[in-house]
Amino acid sequence: MKYMLMMHTPGSGPFQIASWPANDIKAHIAFMMDFAKKLSAAGELAGAEGLAGPEQAKRVRAGEHGEPITDGVFPEAKEFLAGYWIVDVDTPERAYAIAAEASAAPGPGGAPLNLTIEVRQVMSGPPPDWKPDA
Amino acid sequence: MRPALDHAAQDLLRDLAPAVLGTLLRRYRDFAGCEDAVQEALIAAASQWPVQGVPDRPKGWLVTVATRRLTDQVRADTARRLREQLVVSLVPADEQIAFAADAEGVDERDETLDLYFTCCHPALSPASQVALTLRAVGGLTTAEIARAFLVPEATMAQRLSRAKQAIKAAGQGFPTPAPHDRRARLPAVLHVIYLIFSEGYAASSGDHVMRVELTAEAIRVARQLTLLLPEEAEVMGLLALMLLTDARRAARTGANGELIPLDEQDRSTWDRAAIREGEHLLQQALARGAAGPYQIQAAIAALHDEAPDTDETDWQQILVLYGLLRRMNDGPMVRLSEAIALAMVEGPAAGLAALDGLASDPRLTHHHRLDAARGHLLERAGDRHSAIAHFRRAAQRTTSTPERHYLLLHAARLGEAETCS
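Residues numbered from 1 in each chain as written. Chains lettered and ligands numbered in written order. Predicted model: local features only at pLDDT ≥ 70, side-chain atom pairs only at ≥ 80, totals over all residues.

The next subject is the overall build of chain B. Each helix and strand in chain B was counted, giving 19 helices and zero strands. Looking at chain B as a whole, 41% of its 421 residues are labelled buried. By sequence separation, contacts in chain B at least 24 residues apart represent 60% of the contacts at least 6 residues apart. (Helix = DSSP H or I, 4+ residues; strand = E, 2+ residues; numbered from the N terminus. Buried ≥ 20, exposed ≤ 12 C-beta atoms within 10 Å, placed from the backbone. Contact = placed C-beta atoms within 7 Å.)

Once that is clear, we can look at helix H17 (residues 368-380) of chain B. All names here are of chain B. Relative to the 18 Å expected for 13 residues at 1.5 Å per residue, H17 spans 18 Å between its end C-alpha atoms, a close match to the ideal helical length. Taken across its 13 residues, H17 has eleven buried, putting it largely inside the fold. Here H17 has its buried residues at His 368, Leu 370, Asp 371, Ala 372, Ala 373, Arg 374, Gly 375, His 376, Leu 377, Leu 378 and Glu 379. Phi turns positive, to about 90°, at Gly 382, one or two residues after H17. (Expected span 1.5 Å × (residues − 1).)

This next bit is on the environment of Arg61(A). All names here are of chain A. Structurally, Arg 61 is set in strand S3 (residues 58-62). For Arg 61, a count of 8 C-beta atoms within 10 Å puts it in the exposed group. When the C-alpha atoms of Arg 61 and Asp 71 are compared, they prove to be 8.6 Å apart, with ten residues separating the residues in sequence.

Next up on the list: the environment of Ile43(B). All names here are of chain B. Turning to its location among the elements, Ile 43 is positioned in helix H2 (residues 31-52). Assessed through the 13 C-beta atoms surrounding it within 10 Å, Ile 43 is described here as partly exposed. Sequence spacing of Ile 43 and Phe 117 is 74 residues, and the spatial spacing of their C-alpha atoms is 24 Å.

Take the nonpolar core next. Residue and element names in this part refer to chain B. Judged by nonpolar contacts, the single largest core of 116 residues is most densely connected at Val 20 and Leu 24. For this core, the element with the most residues is helix H11 (residues 233-246), which contributes ten residues. Setting aside anything within four residues of it in sequence, one finds Leu 24 in contact with Cys 34, Ala 37, Val 38, Val 63, Ala 66, Thr 67 and Leu 70. (Core = buried A, V, L, I, M, F, W, Y, C linked by C-beta atoms within 7 Å.)

Our focus in this paragraph is the sheet that holds strand S5 (residues 79-88) of chain A. Residue and element names in this part refer to chain A. Reading across the sheet, the four strands line up as S2-S5-S1-S6 and stay open at both edges, with antiparallel pairing between neighbours. What marks the edges here is a single partner per strand, and that holds for strand S2 (45-50) and strand S6 (117-121). Each strand axis lies, on average, 20° off the axis of its neighbour in the sheet, ignoring direction. Note: strand S1 (residues 2-10) against S5, nine bridges, orientation antiparallel. Bridging from a neighbouring strand, Thr 9 pairs with Phe 80 of S5. Contacts from helix H1 (residues 22-41) reach S2 and S5, with the element oriented near 160° to S2. Against the sheet, helix H2 (residues 92-103) touches S1, S5 and S6, its axis set at about 160° to S6. (Pairing = 2+ DSSP bridges. Axes fitted to C-alpha atoms, helices over the stretch in contact; angles between N-to-C directions.)

Our focus in this paragraph is the packing of helix H16 (residues 348-358) of chain B against H17(B). Residue and element names in this part refer to chain B. Relative to each other, H16 and H17 sit at 160°, their axes nearing to 9 Å. One finds that H16 runs roughly antiparallel with respect to H17. Seen along the crossing, H16 lies across H17 with a hand that is left-handed. Where H16 approaches H17, its residues Pro 348, Gly 351, Leu 352, Leu 355 and Leu 358 are matched on the opposing element by Leu 370, Ala 373, Arg 374, Leu 377 and Arg 380. When grouped by side-chain class, the residues that make up the contact of H16 with H17 number seven nonpolar, one polar and two charged. (Parallel < 35°, antiparallel > 145°, perpendicular 65-115°, else oblique. Left-handed = near helix turned anticlockwise from the far one by under 90°. Nonpolar A, V, L, I, M, F, W, Y, C, P; charged D, E, K, R; others polar.)

What follows concerns the packing of helix H5 (residues 108-119) of chain B against helix H6 (residues 126-137) of chain B. All names here are of chain B. Relative orientation of the contacting elements H5 and H6 amounts to 155°, with a least axis distance of 8 Å. Considering their axes alone, H5 and H6 lie roughly antiparallel with respect to each other. Together, Leu 115, Tyr 116 and Cys 119 of H5 and Gln 129, Leu 132, Thr 133, Ala 136 and Val 137 of H6 make up the contact between the two elements. Of the residues assigned to the contact of H5 with H6, the class counts are six nonpolar, two polar and no charged.

What follows concerns H1(A). Residue and element names in this part refer to chain A. Its 20 residues place the ends of H1 28 Å apart at the C-alpha level, agreeing with the 28 Å of an ideal helix rising 1.5 Å per residue. Where H1 is concerned, the buried positions are Ile 25, Lys 26, His 28, Ile 29, Met 32 and Leu 39. Immediately beyond the C-terminal end of H1, within one or two residues, lies Gly 43, with a positive phi of roughly 75°.

Tallying the contact residues gives 14 residues for chain A and 16 residues for chain B. At six residues, H1(A) tops the list of elements feeding residues into the side of chain A that touches chain B. For the side of chain A that touches chain B, the per-class residue count stands at ten nonpolar, two polar and two charged.

Moving on, we come to the confidence of the model for chain B. Residues and elements named next belong to chain B. Per-residue pLDDT for chain B has a mean of 85; in total, 88% of the residues score no lower than 70. When the elements of chain B are averaged for pLDDT, helix H4 (residues 93-97) gives the smallest value, 41, and helix H13 (residues 293-306) the largest, 97. Here residues 85-105 is a poorly scored stretch, pLDDT under 50, and it has 19 contacts once near neighbours within four places are set aside; other chains count. The complex prediction reports pTM at 0.81, with the ipTM value standing at 0.84. (pLDDT = per-residue confidence, 0-100.)

In structure tokens:
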């Protein structure tokens, strides 16, 4: 089963990577690269993307004639989606374990950040034993 | 496991792909049908040649197999139409395609060239031009192209099929362009090849274990084009530019994919053979007279490649070349590079003043490159504090992960140097 692991980063506070010392930034980047490599080597990684900064993000809805009406994302928002992984695993517990590992990514001074990772199961096709007439 | 084609045979196969397609197209016109048939013939070759050996006349083999596939396709289509519409007046499939195996009198070079032009048809979006060129001219499979662009194979198959429909709808069955048309359409082809190269170069620091090397692909296609159009200096200029740029590839990323700027690269890892070939091509191209934009850019790349470090780089000459380039192809990125070259010649203040003049261009106002360039010039001017602010803003604005990492790290190192001093 597939799970999407969404990493939300706070808009303010310790997770402002730009304010970290260079070595801590390096350690964080190395951790993330290594994390993706390990998941991939284990055959568990189904997809992953990092998102560009929220500065240029927009909220869009359709106007009266279906035209896009755009609205800036407000910088005072508490949290932003920074990126996601999709993992293909046998049990929900495995997905939670992977999420916990990502959550512990190193921050300033190498201390774990303990970020919140939202874990959501990805919808699938009909189950193999589905019998519509039963 | 099935035996696989060795590299030489793979290269041969892909080098022959455009000529085979050109031959089929001249006979049967139907671009979409011919292109599918050639793709099937390539797949057949990849599975049969390792077992049976490479045939004596590999091109003839591919033409025969592709023609057979096309015949089968026409038969199947005809049968379906007959069943569905009960129309019996169609020309029998065999008569439609029963031509001599190797009709003469047509310049094979032109056939292959026309294929480049069709793939870069102005009715297509750049993404479609790129995909179609890689498949029809580069001989890559849909799956390989999909992996190179990190999109699902079904998406890439759809993009290719829509591109072929668009060519058909534009009435481009397969008219033979007049020689002067060929010349007019060449820039579009060069642009597509450069797009393929740039895509590969931008992604070259990512996870490319599974990826076709798009930079190598663009260089290969350009190399073939120089053989088809040896008289066109800009084709040579483009090939030279790509070789001279790609030569620095190993030095431009660190262990974790972060970008390393030119002035910090380990120049001993630059590919000297590629640089020599690029410089040789550039000299040949420049000897033909009026230089075009690719030759100018290649000349700038060559000046960087020749220099032992940033300080000993011939910035004066680079500044002159950017001025030439601007007069041919004015654009914000050319002006930005010119401003940096100016700073290297006349000092950071002159460069910063030039950047101030560019900031009102709406294409640059919020562009991370402007912030990054200001950061570098402010750093050279000794204003670390302002430089850091610009590097951080550039990091927020870029959409490239390796570039963001580089900008964040650079700002952090500057900050540490500031507190130490």
